[in-house]
Amino acid sequence: MHKPLRLPQQDRADFETALGRALAAPQVREALRGVEGGARGVESLRRAAREDVEFVLAAAAPEYERYAALRASADAVVRLPADEPERERASGWWGVLGVVVPVIAGAAAVIFLLLGFALGLVEDLDVLAHALVEAGWVAAGVAAVSLLVGGLGLLGAAARSAEAAGEEPDGAGELLRAREAWRAALVERGLVPYLVVQANGAPDQGR
């Protein structure tokens, strides 16, 4: 334990958990058997470990540095502008093209065709009736095309979203594994040896 490390406040709870596990380890309990006043011995070791936390941490420095780096990367990713709003906007436009436009164009087509056929029954309105019928067919064509294109666009956007989700690394799982590796190393290589030596009466061993 040579290089002292700082323990951020957010890691204090993990350190206390590891300290509790270390105090319950068989090696530490065996070392405490020869100490008079077992409860006072445990509390004394707990206090000593807290005071020398920076030196105890050095034994698990590689694991802690990896864990801290992964956590910093995860925090940075969270703070970055997400691509999701852009995907949602793209899906929204495809939704407009595939749903809204066909509905409006289809309604217009029905109205134009009905008016055109109705006015076609009036002899003096043949020209207007013909124009309305043509407009109705054009609107029907717009509805069909937009429905087809918008539907294909929505399917493509959904496929891209699923592919992007599948490509995302298991960052949370990797971070959790790094945290557990650090806690295990802190107990096995840092706290347990430190507490055993402290219990055996060498309080300055870590410095």
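Look up a bit, the structure's there.
Described in the following lines is the structure provided in the data block.

Procedures and definitions
Residues numbered from 1 in each chain as written. Predicted model: local features only at pLDDT ≥ 70, side-chain atom pairs only at ≥ 80, totals over all residues. Heavy atoms only, no water. Helix = DSSP H or I, 4+ residues; strand = E, 2+ residues; numbered from the N terminus. Contact = heavy atoms within 4.5 Å. Buried < 20%, exposed > 50% of the residue type's maximum accessible area, 1.4 Å probe, protein only. Phe/Tyr/Trp six-rings, centres within 6.5 Å; stacked < 30°, edge-to-face > 60°.

Here we look at the environment of Ala-25
Relative to the assigned elements, Ala-25 resides in the loop between helix H1 (12-23) and helix H2 (26-32). Along the primary structure Ala-25 and Glu-188 are separated by 163 residues, whereas in three dimensions their C-alpha atoms are 9.3 Å apart.

Brief notes about the side chain of Asp-14
Mapping Asp-14 onto the fold places it in helix H1. If we ignore the near neighbours within four places in the chain, the residues touching Asp-14 are Tyr-67, Arg-179, Trp-182 and Arg-183.

Side note on the side chain of Arg-183
Its location among the elements puts Arg-183 in helix H8 (residues 171-199). Arg-183 gets classed as buried once you look at its relative accessible area, which sits at 12%. Sequence-distant contacts of Arg-183, defined by excluding residues within four places in its chain, comprise Asp-14, Thr-17, Ala-18 and Arg-21.

Regarding the packing of aromatic side chains
In the structure shown here, the tally under the stated rule is three aromatic pairs. Judged by centre distance (4.9 Å) and plane angle (55°), the rings of Tyr-64 and Trp-182 are tilted. Here Tyr-64, found in helix H5 (residues 61-79), pairs with Trp-182, found in helix H8; they are 118 residues apart in sequence, far enough to count as distant. Measuring from ring centre to ring centre gives 5.8 Å for Tyr-67 and Trp-182, while their planes differ by 15°; the resulting arrangement is stacked. Note that Tyr-67 is positioned in helix H5 and Trp-182 in helix H8, a separation of 115 residues in sequence. The two residues Tyr-67 and Trp-182 agree in class, both being buried. Connected via pairs of aromatic rings, a cluster forms that spans Tyr-64, Tyr-67 and Trp-182.

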